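Coordinate inspection notes
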Amino acid sequence: MTNWLINEGPKWIFMFVYYLINMALFVYHFMYYLRMPEYFYLNKLIGYGLPFARGAAACLNLNCALILIPVCRNLISYIRGSTRRCCKRNILRLMDKNITFHKVVGYMICVNTAIHAGAHFFNVENFTMVYQLTSNDTELLSALTSLPTSINGTWVNPVRTPNTDPTLEAVKLLPGVTGVLATLALIIMVSSSTLLIRHSYFEIFWYTHHLFVIFYIAIIVHGMQGVVRSQSNIDVHDPTTCYLKYKEWAPGAECDVPQFSNSGPKTWQWVILPVIIYFIERCIRFWRSLQTIEVLKIIDHPSNVIELQLRKAGFKMESGQYIFLKCPSISHLEWHPFTLTSAPQEDSFSVHIRIVGDWTKALAKALKSQGAEDERIWKMPRLAVDGPFGTATEDVFQYQVDVFVGAGIGVTPFASVLKNIWYKYQENNVEMKLRKVYFYWICPDTGAFEWFADLLTELEQQMEDQGLHNFLSCQIYLTRGWNSNQARNIALHADDAQDVVTGLKHKTNFGRPNWDSVFSGLSDKHPSTSVGVFFCGPKVLSTTLHKMCNQYTSLDENGTRFFYNKENF
């Protein structure tokens, strides 16, 4: 249990505090609107609908303020960089969960929207039913409903017509119209954010997510009509006693006519700062989109992969970071993330793009990727770059031993990382904590990423020339994609110096790694060591590696501690 806390403690403490704050807000506002005398008469009219609606509204205000912050990429990168030296890594890992937290806050908004909308549905129903009730409080409720709609705002029931339809009354009210608009925008945004839509129809996700503008306008305007009204003259009309004397309400009498007013909208006070921060974020993105990007080279790689080598004034990066790329000739709104495959020491920066979707196909076509190289550069469309932005792999030099695990296209961030490590080792004046790197590449077909196999071959040769052949240990696992003839050929060349599949001196394994054996072996080889495990790939394997890190982390003085880091962008 204790070793689990090393990796997971800060995350679950943070989430516990987050949920606790939400619960406290809901309970506080529920009890406030249930018990405060200012809302005594309003509760008489509509019952428990008001406390439920206001409790959920308080949580909505909080979460609508929070949800924009995790997607402010520049702010997150700045916080990550400025706190790296003063905060422990297991705390900084919270920055790597920004998109996960964004999703959690989104789900919380959905839950509270359902409570808030449901409660107000019953509130409007109760407002309209007052005209038809027959109970002990019928005359009192009729008296409250009959209060005049004067300039001083005496009224408390917004429904002024008997025998009307609740739905019709709801759409007559500003909160009803804006509530429906905000809810529809939320439903579309959430439903288009599913994994299937994001992976298969990214453009749909991208465009519908911009409905957040309508959502925020609607929730800010939502309370401006002031339908929820509190009593403003408690000093001359105590509702806990005067409600029994409703037949004697009169100015100057023992109980004056109750007066009601609204306190004005509150949501804007919660969201104004996050909206300003997000607006600044978008201004930075717009400014960057106008900066000149020089395309130095386009390289065609096998299996529909193109490499773009770019240059931009003032561009500074760290290994493993990513950028957002836009091609205005394809779309003025769409930005797509790509991991940088170059090292910080290089004069230019590069990305490898696999042509698999509509946008990447359009980009490849626009870049004339099938034409002669000397004809491409001057014909190319303008590109815009936003970033770079930080990821977990920025911390590879914080550990004595690193374990890199890339699955399929997940090897991309490690191209930059491995290059950077090699460059730093060549700089004699750089003192590095890192002493050993294990790299595990799990892929169905190495042919899809031949450019990466070439990079590994080059690094392997360079390290061997420098006498560092023990520094990098490569383990490549081919999970499928070979037939009987290929298997026979592989067996015949098993004793060759170089692997017949990849050309590396490290041999290719067939099947999947036994992670228990891998982590057990790492624990035995590196006692009293902090091991950083960095992963990029599918969720199923991420869950397995995460469990392995927790399972094999030891709190013993001579034990090994594994710290799990996953790429998120």
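The structure this text deals with has already been given above.
Focus on the state of the cysteines
Put plainly, a disulfide is one covalent bond tying together the sulfur atoms of two cysteines. For the structure on display, the rule yields one disulfide. Disulfide pairing is shown between C242 and C255; the S-S distance is 2.0 Å. Handedness of the C242-C255 disulfide follows from its S-S torsion of about -75°: it is left-handed. Taken together, the residues span a long stretch of sequence, with C242 in helix α13 (residues 239-242) and C255 in the loop between α13 and β2 (260-261) at a distance of 13 residues.

What to know about the packing of aromatic side chains
Taken as a whole, this structure holds 32 aromatic pairs when the rule is applied. Seen in terms of ring centroids, Y322 and F389 are 5.7 Å apart; in terms of plane orientation they differ by 45°. Their pairing is tilted. Note that Y322 is positioned in strand β5 (residues 322-326) and F389 in strand β8 (residues 384-389), a separation of 67 residues in sequence. On the basis of relative accessible area, Y322 is assigned to the buried category, the value being 6%. Residue F389 is classed as buried on the basis of its relative accessible area, which comes to 1%. Note on Y399 and F563: the rings are 5.9 Å apart at their centroids and 35° apart in plane angle, and the pair reads as tilted.

Re the packing of helix α6 (residues 98-129) against helix α9 (residues 174-191)
In the contact formed by α6 and α9, the axes pass within 11 Å of each other and the chain directions differ by 145°. α6 and α9 meet at a crossing whose hand is left-handed. Every residue of α9 that contacts α6 at I109, C110 and T113 is listed here: T183, L186 and V190. Across the contact of α6 with α9, the residue classes tally to four nonpolar, two polar and no charged.

Structural notes on the nonpolar core
Most often, soluble globular proteins keep nonpolar side chains buried together rather than apart. If you look at the biggest cluster of nonpolar residues, it comprises 30 residues, and the most contacted ones within it are F404, F439, W441 and F452. Sorting the residues of this core by element identifies α17 (412-426), β10 (436-443), α18 (450-465), β11 (472-478) and β13 (530-536) as the ones contributing at least two each. It is α17 that provides the largest number of residues to this core, a total of six residues. Each residue touching F439, except ones within four places of it in the same chain, is listed here: F404, V411, F414, F452, L456, L472, S473, C474 and Q475.

Focus on the packing of helix α3 (residues 49-66) against α6
One way to put it is that α3 packs onto α6 with a least axis distance of 8 Å and a crossing angle of 155°. Regarding the angle of α3 to α6, the classification is roughly antiparallel. Helix-helix and strand crossings are classified by hand; for α3 and α6 the assignment is left-handed. Counting all contacts with α3, which are made through G49, L50, F52, A53, A56, A57, C59, L60, N63, C64 and L66, the residues of α6 involved are F101, V105, M108, I109, N112, T113, I115, H116, A119, H120 and N123.

Focus: helix α20 (residues 515-525)
Residues W515, V518, F519, L522 and S523 constitute the buried set of α20. All buried residues of α20 lie within an arc of 130° about the axis, which places them on one face of the element. Turned more than 90 degrees away from the buried face of α20, the exposed residues are D524 and K525. Tucked into the core, α20 has its buried residues touching β9 (401-407), β10, β13, α21 (539-552) and β14 (561-566). Near the N-terminus of α20, the side chain that reaches the backbone nitrogen of D516, with its oxygen 3.2 Å away, is that of N514.

So, the pattern of salt bridges
Throughout the structure, instances matching the rule amount to six salt bridges. When the shortest N-O distance is used, the salt bridge between D386 and R285 registers 3.9 Å. Taken together, the residues D386 in strand β8 and R285 in helix α14 (residues 267-289) connect sequence positions 101 residues apart. Through salt bridges that share partners, R73, E281, R285, R288 and D386 make up one connected network.

Observations regarding the sheet that holds strand β7 (residues 349-354)
Taken in spatial order, the three strands line up as β3-β4-β7 in an open sheet, and their pairing is antiparallel. Each edge of the open sheet carries a strand with a single partner, namely β3 (294-301) and β7. For this sheet the average axis-to-axis angle between neighbouring strands, irrespective of direction, equals 20°. Relative to β7, strand β4 (residues 305-311) is paired through six bridges, and the arrangement is antiparallel. Pairing of I306 across the sheet is with I353, part of β7.

A few points about the sheet that holds β5
What the three strands build is an open sheet, ordered β6-β5-β8; its pairing is antiparallel. Two strands in the sheet have a free side with no partner beyond their single neighbour: β6 (336-339) and β8. With direction set aside, neighbouring strand axes in the sheet form an average angle of 30°.

Things to note about unusual backbone geometry
One non-glycine residue with positive phi stands out, namely S528, at about 55°. Assignment of secondary structure puts S528 in the loop between α20 and β13. Its relative accessible area of 39% is what places S528 among the partly exposed residues.

Reading the values: the criteria
Residues numbered from 1 in each chain as written. Predicted model: local features only at pLDDT ≥ 70, side-chain atom pairs only at ≥ 80, totals over all residues. Heavy atoms only, no water. Disulfide = S-S within 2.5 Å. Helix = DSSP H or I, 4+ residues; strand = E, 2+ residues; numbered from the N terminus. Phe/Tyr/Trp six-rings, centres within 6.5 Å; stacked < 30°, edge-to-face > 60°. Buried < 20%, exposed > 50% of the residue type's maximum accessible area, 1.4 Å probe, protein only. Axes fitted to C-alpha atoms, helices over the stretch in contact; angles between N-to-C directions. Left-handed = near helix turned anticlockwise from the far one by under 90°. Contact = heavy atoms within 4.5 Å. Nonpolar A, V, L, I, M, F, W, Y, C, P; charged D, E, K, R; others polar. Core = buried A, V, L, I, M, F, W, Y, C linked by side-chain atoms within 4.5 Å. Parallel < 35°, antiparallel > 145°, perpendicular 65-115°, else oblique. Arc of directions from axis to C-beta. Polar contact = N/O pair within 3.5 Å; in protein donor to acceptor, adjacent residues only side chain to side chain. Salt bridge = Lys/Arg side-chain N within 4 Å of Asp/Glu carboxyl O. Pairing = 2+ DSSP bridges.

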